[in-house]
Amino acid sequence: MQQIGTVWASLGRRKQIIVAGAAVVVFLSVLAMSRLVTSPSMTLLYAGLESGAAGDIVRALDQRGVTYEIRGGSIYVPGSQRDELRMTLASEGLPANGNRGYELLDTLSGFGTTSQMFDAAYWRAKEGELARTIVSSPHVGQARVHIASGSTSPFQPSVSPTASVYLVPSGAKITVEQAKAIRFLVASAVTGLAPEDVAVIDSSGAVIGPQETAVAADTADDKAKVLRDRVLRLVEARVGPGNAVVEVSVDTVTETETIRERRFDPKGRVAISTDVEERSDTSRNQSSDVTVASNLPDGDGNGSDESNSSATQTRERINYEVSETELEVLRVPGAIKRLTVAVLVNGTRTTDATGAEIFVRMAQPELDALEELVASAVGFDADRGDVITLKSLELPNVEPQGTLATASVWQSLHLDTMSLIQMAVLAMVSLIMGLFVIRPILTGSAAVPALPSAAAPADGGAPYLVGEISDADGQEFSALTGQGENGGSVPAIGSSASEDAVGRLRAMIGDKQEETVEILRSWLEENKEKV
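Computed from a predicted model, the values in this text were never measured in an experiment.

Calculation notes
Residues numbered from 1 in each chain as written. Predicted model: local features only at pLDDT ≥ 70, side-chain atom pairs only at ≥ 80, totals over all residues. Heavy atoms only, no water. Helix = DSSP H or I, 4+ residues; strand = E, 2+ residues; numbered from the N terminus. Buried < 20%, exposed > 50% of the residue type's maximum accessible area, 1.4 Å probe, protein only. Areas by Shrake-Rupley, 256 points an atom, 1.4 Å probe, with all protein chains shown as cover. Core = buried A, V, L, I, M, F, W, Y, C linked by side-chain atoms within 4.5 Å. Contact = heavy atoms within 4.5 Å. Pairing = 2+ DSSP bridges. Axes fitted to C-alpha atoms, helices over the stretch in contact; angles between N-to-C directions. Salt bridge = Lys/Arg side-chain N within 4 Å of Asp/Glu carboxyl O. Parallel < 35°, antiparallel > 145°, perpendicular 65-115°, else oblique. Left-handed = near helix turned anticlockwise from the far one by under 90°. Nonpolar A, V, L, I, M, F, W, Y, C, P; charged D, E, K, R; others polar. Expected span 1.5 Å × (residues − 1). Arc of directions from axis to C-beta. pLDDT = per-residue confidence, 0-100. Phe/Tyr/Trp six-rings, centres within 6.5 Å; stacked < 30°, edge-to-face > 60°. Lys NZ or Arg CZ within 6 Å of the ring centre and 35° of its normal. Polar contact = N/O pair within 3.5 Å; in protein donor to acceptor, adjacent residues only side chain to side chain.

Let us now look at the overall build of the protein chain. Secondary structure summary: the protein chain contains eleven helices and 15 strands in total. For the protein chain, buried positions account for 22% of its 531 residues. Total accessible area on the protein chain is roughly 37300 Å²; 55% of this is exposed by carbon and sulfur atoms.

In structure tokens:
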């Protein structure tokens, strides 16, 4: 403390102010950085929530006494508590989605609820459940579903339901394939709803994907993509990845055609009914002569001749119908009309007798075998006009761009990057303030000339010369200590005995005689006081 006080007293007023200001700045910097380091690292809890859901989250955090920050529409919490808070809030149903589902039906009571009220609540619940399912996708931030159901009145004709879906993407735009999946999702959840009756609209107001007229029929591009992947997977199994290029062109039917045909075959008879009629007739004939004897009661004239006859007739009637055939053929768009496949495979590289590298195409028998495999994979039909072209040509060797992604050692270490950065900045600020502010001031103050002090030697002789003497050019000599001859007070050079240093010292004493005399006088006075 005494040395610090001596140094402080030797400083001028301006340097004292600079040192005090530097000390205050260093103290405040260390205090601010230590506070920044000790403060918890805030990480994102939820972002993009609706106002009501965000308010519920903030209220729940206040009840738990959790420190949080609101930056725009995002809520930040300490990183060590983020996962725990998400699980705890999820168990309480937070953040609550603005779309309410089937829980709406729980509030309906049997008394005072009309059929119209129940239908309205049912469709509202259906829309909320569909919106919840769509929002669960990581590609969708918000979703609203509107369903226009058909009429339920028995006196009105039935109307097919329609639906519309409004989407707000969470990052990239919603693709056509994703919109198609959403159409099938909504159509499958509503009875009688066809996928082509579902419109998917993005946040910019544009309809995503074409409205398909025939759901079962895929487009030509979809068929070509499926066939291309199939052929490429088959060819690369032989030539290796990157050594084959496949292109497939599919010509499909674009018009709808209905064919009705009715044929009659006169040679083909079909019995449709049979009528059998059977008729039987029976007759009896009796003949006699009229005489005198026939009039007597007991006369022989009662004799007569009698004959019986019977007739049977059977008639069968069969009704035949001419053979008739009805044929109806419906051709919808999407049927393959013509198929064209082009396959390009790479050859091999070998060295010739001179050592030069040459390209060798794939052998023709192997190309023929690959062509047969490709024909089987795509369903080749020569009558339809399909064409398959397979060639072996040299493919350029293109080096992949970028760098190979590898696992880093730092990925296995779970370090808080922000805390490390804060500590590094704190250490750097402290080092800079110490090296470039405090050290130059203290070094400058130590170089201020002061009256040297005399030190008595151990053997009781004359005192040594202890101090630093600067020449005219401002260069400093090392400390000089010495003892005069015969115990005198003439200074001598103690630590440096070189001739050059002695010569320079003598020259300097000759130039500065008055200063030298004052120093010697002060030494003599100090020695007298000690004696």
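What follows covers the nonpolar core. Ranked by size, the top nonpolar core spans 22 residues in total, and within it Val235, Val341, Val343, Val345 and Val374 carry the most contacts. Sorting the residues of this core by element identifies helix H7 (220–239), strand E7 (244–252), strand E10 (336–345), helix H8 (364–378) and strand E13 (387–392) as the ones contributing at least two each. Sorting elements by how many residues they give to this core places H7 first, with six residues. Ignoring any residue separated from it by four or fewer positions in sequence, one finds Val235 in contact with Ala244, Val343, Val345 and Val374. Val145, Ile147, Val165 and Ile208 belong to the second largest nonpolar core, which has 20 residues in total.

The strand order across the open sheet built from three strands is E7-E10-E13, with neighbouring strands paired in mixed fashion. Every interior strand has two partners, whereas the edge strands, E7 and E13, have only one. Between one strand axis and the next, the sheet turns by 5° as a mean value, whatever way the strands run. Pairing analysis gives six bridges linking E10 to E13, with the strands arranged parallel. Bridge pairing links Thr340 to Val387 in E13. The sheet contacts of H8 involve E10 and E13, and relative to E13 the element is tilted by about 145°.

Below, the discussion takes up the pattern of salt bridges. For the structure shown, the criterion picks out 15 salt bridges. Between Glu277 and Arg315 there is a salt bridge; the shortest N-O distance is 2.3 Å. With Glu277 in strand E8 (residues 257–287) and Arg315 in strand E9 (residues 305–331), this pair connects stretches of sequence that are 38 residues apart. With a closest N to O distance of 2.4 Å, Arg349 and Glu394 form a salt bridge.

Attention shifts here to the packing of helix H3 (residues 51–64) against helix H4 (residues 82–91). With their axes 12 Å apart at the nearest point, H3 and H4 run at an angle of 115° to one another. Between H3 and H4, the angle is such that the two are roughly perpendicular. Crossing handedness for the pair H3 and H4: right-handed. Across the interface between the two elements, Ile57, Ala60, Leu61 and Arg64 of H3 pack against Leu85, Thr88 and Leu89 of H4. Partitioned by chemical class, the residues of the contact of H3 with H4 number five nonpolar, one polar and one charged.

End to end, H7 covers 28 Å across 20 residues, agreeing with the expected 28 Å (1.5 Å per residue, within 8%). Among the residues making up H7, those that are buried are Ala224, Leu227, Val231, Leu232, Val235 and Val239. Buried residues along H7 cover an arc of 135° about the axis, so they all sit on one side. The exposed residues of H7 that point more than 90 degrees off its buried face are Lys225, Arg233 and Ala237. Each element contacted by the buried residues of H7 is listed here: E7, E10 and H8. Gly240 lies just past H7 and shows a positive phi near 95°.

Averaged over the protein chain, the pLDDT score is 75; the fraction of residues at 70 or greater is 70%. A low-confidence stretch, residues 213–217 stays under pLDDT 50, and its non-local contacts, those more than four residues away or across chains, total six contacts. For the stretch residues 445–497, pLDDT sits under 50, and the model shows 87 contacts to residues farther than four places along the chain or on other chains.

In terms of strand pairing, strand E11 (residues 348–351) meets strand E12 (residues 357–360) through four bridges, oriented antiparallel. Within the sheet, the bridge partner assigned to Thr350 lies in E12 and is Ile358. Hairpin remark: E11 followed by E12, antiparallel, with five residues in the connecting loop; positive phi at Gly355, about 90°.

Enumeration according to the criterion identifies one aromatic pair in this entry. Ring centres 5.4 Å apart and planes at 70° place the aromatic pair Tyr122 and Trp123 in the edge-to-face group. Here Trp123 falls in the partly exposed class, since its relative accessible area comes to 23%. Over the aromatic face of Tyr76 sits the side chain of Arg71, whose NZ or CZ is 4.1 Å from the ring centroid. Between Arg86 and the ring centre of Tyr46, over which it is positioned, the NZ or CZ distance is 6.0 Å.

Let us now look at the sheet that holds strand E4 (residues 140–148). Strand order in the open sheet formed by three strands is E4-E5-E6, with mixed pairing between adjacent strands. Strands with a single pairing partner mark the edges of an open sheet, and in this sheet they are E4 and strand E6 (198–201). Neighbour to neighbour, the strand axes of the sheet diverge by 15° on average, direction disregarded. Bridge analysis of E4 against strand E5 (residues 162–169) gives eight bridges, and the strand direction is antiparallel. Opposite Val140, over in E5, you have Pro169 as the bridge partner. Each of E4 and E5 is contacted by helix H5 (residues 115–135), which is oriented at about 150° to E4, the strand it contacts most.

Next up on the list: the side chain of Lys126. As for its position among the elements, Lys126 is in helix H5. A polar contact of 3.3 Å, which involves the side chain of Lys126, links it to the backbone oxygen of Ala189.

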